[in-house]
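Fold and contact review
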Amino acid sequence: MLRTERQLIPQIQRKLTIAYNDEEKYWQPKSRNSWMKEGDRNTCFFHACTKNRFSVNIITSIKDDAGTIFIGDRDIGRHAQNFFTNIYESNGRLVSTIDFAGFKSTVTKAMNDDLTKEFSDCEIFNAISQIGDDKAPGPDGLTARFYKSYWDIVGQDVIKEVKNYFRTSYMKQSMNHTNLCMIPKITNLVTLSDYRPIALCNFLYKIISKCLVERLKRHLDAIVSDPQAAFIPGRLVNDNVMIAHEMMHSLKVRKRVSQSYMAVKTDVSKDYDRVEWNFLETTMRLFGFSEQWINWIMGTVRSVNYSVLINGIPHGTIKPQRGIRQGDPLSPYLFILCADILIHLINSRVSHGDNDGLRIGNGVPGVTHLQFTDDSLFFCQANARNCQALKDVFDIYEYYSGQKINMVKSMITFGSKVHGVIQNRLKSILQIQSHEGGGKYLGLPEQFGQKKKKCTITLLKE
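The text that follows walks through the structure, step by step, so that each part is easy to find. (Residues numbered from 1 in each chain as written. Predicted model: local features only at pLDDT ≥ 70, side-chain atom pairs only at ≥ 80, totals over all residues. Heavy atoms only, no water.)

Notes on the overall build of the protein chain
Rule in force here: Going along the chain from the N terminus, every DSSP run of H or I of four or more residues is numbered as a helix, and every run of E of two or more is numbered as a strand. Here the term buried applies to any residue with accessible area under 20% of the maximum for its type, exposed to any over 50%, and partly exposed to those in between, with areas from a 1.4 Å probe on protein chains only. Contacts are assigned to residue pairs that have any heavy atoms within 4.5 Å of one another. We get accessible surface area from the Shrake-Rupley algorithm with a probe of 1.4 Å; when it comes to residues, only the shown protein chains can shield them.
Summing up its helical and strand segments, the protein chain has 18 helices and 14 strands in all. Scored against the burial criterion, the 462 residues of the protein chain give a buried share of 47%. At a minimum sequence separation of 6, the contacts of the protein chain that also span at least 24 residues come to 69%. Of the roughly 23500 Å² of accessible surface on the protein chain, a fraction of 53% belongs to carbon and sulfur atoms.

So, the environment of Asn-383
Along the chain, Asn-383 falls in the loop between β10 (375–381) and α16 (384–401). Its relative accessible area of 23% is what places Asn-383 among the partly exposed residues. Along the primary structure Asn-383 and Ser-260 are separated by 123 residues, whereas in three dimensions their C-alpha atoms are 7.9 Å apart.

What about the environment of Phe-146?
Inspection of the secondary structure puts Phe-146 in helix α7 (residues 144–149). Residues Phe-146 and Asp-133 lie 13 residues apart in sequence; the distance between their C-alpha atoms is 8.1 Å.

A word on the sheet that holds strand β8 (residues 313–318)
What counts, and what does not: Strand pairing is defined by DSSP finding a minimum of two bridges between the two strands. Angles run from 0 to 180 degrees between N-to-C directions of axes, and those axes are lines fitted to C-alpha atoms, restricted for helices to the stretch in contact.
One open sheet accounts for 4 strands, arranged β4-β3-β7-β8; its pairing is mixed. Lying at the two open borders of the sheet, with one neighbouring strand each, are β4 (195–201) and β8. For this sheet, the mean inter-axis angle between neighbouring strands, taken without regard to orientation, is 35°. Note that strand β3 (residues 177–184) and β4 share 7 bridges and pair antiparallel. For Thr-178, the partnering residue across the bridge sits in β4 and is Cys-201. Each of β3, β4, β7 (305–310) and β8 touches helix α4 (residues 73–87); the most contacted strand, β8, lies at about 35° to it.

Considering the side chain of Arg-325
Which entries qualify depends on this criterion: Any pair of N or O atoms that falls within 3.5 Å is considered a polar contact. Within protein, one atom must be able to donate a hydrogen and the other to accept it, and sequence-neighbouring residues count only if both atoms are side-chain atoms.
Within the fold, Arg-325 resides in the loop between β8 and α15 (331–351). Side chain to side chain, Arg-325 and Asn-176 meet in a polar contact 2.7 Å long. Separated by 2.8 Å, the side chains of Arg-325 and Tyr-205 make a polar contact. In contact with Arg-325, not counting residues within four places along its chain, are Asn-176, Thr-178, Ala-199, Cys-201, Tyr-205, Tyr-272, Thr-300, Val-304, Tyr-306 and Ser-331.

Things to note about the nonpolar core
As a reminder, the rule being used: Buried residues of nine kinds, namely Ala, Val, Leu, Ile, Met, Phe, Trp, Tyr and Cys, make up a nonpolar core once their side-chain atoms join them within 4.5 Å.
Counting residues in each nonpolar core, the largest one holds 101 residues, and the members touching the most others are Met-262 and Phe-289. Broken down by element, this core gets its largest block of residues, 10 residues, from α15. Core analysis: the second largest hydrophobic core is formed by 13 residues, Met-248, Ile-360, Val-367 and Leu-377 among them.

Some remarks on the packing of α15 against α16
Our working definition: These descriptions rest on fixed angle ranges, namely under 35 degrees for roughly parallel, over 145 for roughly antiparallel, 65 to 115 for roughly perpendicular, and the rest for oblique. The handedness criterion is simple: a crossing whose near helix is rotated anticlockwise from the far helix by less than a right angle is left-handed, and one whose near helix is rotated clockwise is right-handed. Amino acids are sorted into nonpolar (Ala, Val, Leu, Ile, Met, Phe, Trp, Tyr, Cys and Pro), charged (Asp, Glu, Lys and Arg) and polar (every other residue, Gly among them).
At their nearest, the axes of α15 and α16 sit 10 Å apart, and the two run at 150° to each other. By the criterion of interaxial angle, the relationship of α15 to α16 is roughly antiparallel. For the pair α15 and α16, the crossing hand works out as right-handed. Mapping the contact onto sequence places Cys-338, Ala-339, Ile-341, Leu-342, Leu-345, Ile-346 and Arg-349 in α15 and Ala-389, Leu-390, Asp-392, Val-393, Ile-396 and Tyr-397 in α16. Of the residues that constitute the contact of α15 with α16, the class distribution is 11 nonpolar, no polar and 2 charged.

A word on the packing of aromatic side chains
Here is the rule we go by: Two aromatic rings from Phe, Tyr or Trp, using only the six-membered ring of Trp, form a pair when their centres are within 6.5 Å; if the ring planes differ by under 30 degrees the pair is stacked, by over 60 it is edge-to-face, and anything between is tilted. By definition, being over a ring means that NZ of Lys or CZ of Arg is both within 6 Å of the ring centre and within 35 degrees of the ring normal.
Scanning the entire structure with this criterion turns up 21 aromatic pairs. For the ring pair Phe-125 and Trp-151, a centre distance of 5.2 Å and an interplane angle of 55° mean the geometry is tilted. Here the residue Phe-125 occupies a position in helix α6 (residues 121–129), and Trp-151 occupies one in helix α8 (residues 151–168), the gap between them amounting to 26 residues. You can call Phe-125 partly exposed: its relative accessible area is 33%. Each residue in the set Phe-103, Phe-119, Tyr-165, Phe-166, Phe-287, Phe-289, Trp-293 and Trp-296 is aromatic and connected to the rest through ring pairs, giving one cluster. Taking the ring centre of Phe-119 as reference, the NZ or CZ of Arg-215 above it sits at 3.7 Å. For the cation-ring pair, Arg-325 lies above Tyr-205, with the distance from its terminal atom to the ring centre recorded as 4.5 Å.

The values reported here are purely geometric and, on their own, carry no functional implication.
Okay, structure coming up:
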């Protein structure tokens, strides 16, 4: 080997190392493996993860409610378009604020001034910095890594576009076009209801959404009711878990509680997809948000249009009339604002003496409900008056919000000494047949048995 050729070896090795690193960076986000940040050249590992995800997520056939089977991407895509068009069709009901009389506005003028002040360049860049580099891209195919890497080139154009939206409250249709990615919820997949639709938004839209989220988060603790524990800075979800366990334990062992009380765990089907836009807009007005803030929020909500990804290929165009998106940074915060209406309805029944909540001791305040977005527990006395009041609250909330409580998956836990005849009567009022608990709340067991060691191991695994 000539001396000049030997001198090229280090240079070739450096180029080869760069090529290996680039290959690893290319396959790592496709594998959706996020726990390994550094390591050797595990490109085979990432390839295996990608193939495994593809085999799990691929849709070969799907069945509709009538039993018709659809095979092939084109037919499945047409069925998916019709399926989601029906889900996103509004019920057209106007919201009557009479049913929400007495709702206390919690948004002050100072809060509105802070929420609607002009966004600075630094604020917009900070919003971008908080978005994960390799989160799944939307129809534009661009991730946060691209914008962060080339900010010196695209930064001013991005800031100009974002500020233009906040100046006009108008969003271009292409900016808010969204792909729906179907994620399996269960092992045996039969219908589209067995999938969870995750919205893959364009990155420019995510910047606007994240800017709004960062503003809203600063005031959320003062705006939202205490029983809400989701996505609110300064509140711990563990508090809800501990209270829930104490309540469930009391239903089993405390004499007075076990004879007279019950708990209801509700399951909401398609919770985000069914939120009525009129209800969302009315909710924000009830809270006291300014018209400018409401226009910003509703501008992001009403301008959306969807395509459904079937095996990686977008199909159809859906123009929804309701719903908020799983995958949009703003959606969880809008949902908990709507859920606060449900809390208001519960509290109004308490003030009228129709719901006493659950009291585990003398002088202890009654607990009527615990909420973590759509994961809700309700407590009341095991009698017809309390159960009918709870059912009325569910009916009013469903009527206006578009939400639908799945009575099949919802569950009642009665006090251990509530008579069977009473149980059957109360289940008939609530139209919930499942009982005796034993399920989970926020991913943890609702009740602990006597084997504490076994429960501890279960909690650690969770």
